[in-house]
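Structural description and commentary
Chain by chain, the residues:
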Amino acid sequence: MSQQSERLERLITDQEGECCADDIDAHIETLERHVTDLPSDTARDQAALKTLSNDTRYTIVRLLAAAGRELCVCEITPVVDVSDSAVSHALSDLSDAGLVTRRKDGTWRYYEATDRATGLLTALDQTREASK
């Protein structure tokens, strides 16, 4: 029996009072079903979360969500206090991750938080205290 199986056997014994090989197999099968029930396209989820892990991108999404409307790049740049190129790069990453929409109007570019972005921020806000 592998070390992982021995540890699992001890856990199940502690929880249930007894354990046999069939109990271990049934427990592993149950857990494996949770993994097979994952959404088929987790890459977009992972990309969105990874994109939000950067301070500049996170601040931009917070700003856009709080504004509740489109903002021009010239409105965003002074607030995040990084270079124009850093803001442009961050906005491009956010757009690629599906967290902001962009619209060009002549020489102006406007950005707005997507429902996905506001949903993620809402979930973070609602669970922040619970995770302390």
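Residues numbered from 1 in each chain as written. Predicted model: local features only at pLDDT ≥ 70, side-chain atom pairs only at ≥ 80, totals over all residues. Heavy atoms only, no water.

The protein is annotated in an unreviewed UniProt entry as Winged helix-turn-helix transcriptional regulator of Natrinema halophilum.

This next bit is on the environment of Gly-106. Turning to its location among the elements, Gly-106 is positioned in the loop between strand S2 (100-105) and strand S3 (108-113). Sequence separation of Gly-106 and Ile-60 is 46 residues, and the distance between their C-alpha atoms is 22 Å. (Helix = DSSP H or I, 4+ residues; strand = E, 2+ residues; numbered from the N terminus.)

What follows concerns the sheet that holds strand S1 (residues 71-72). Overall, antiparallel pairing links the three strands, which are arranged S1-S3-S2 in an open sheet. What marks the edges here is a single partner per strand, and that holds for S1 and S2. Both S2 and S3 contribute to a ladder of six bridges, which runs antiparallel. Across the sheet, Lys-104 pairs through a bridge with Arg-109, a residue of S3. (Pairing = 2+ DSSP bridges.)

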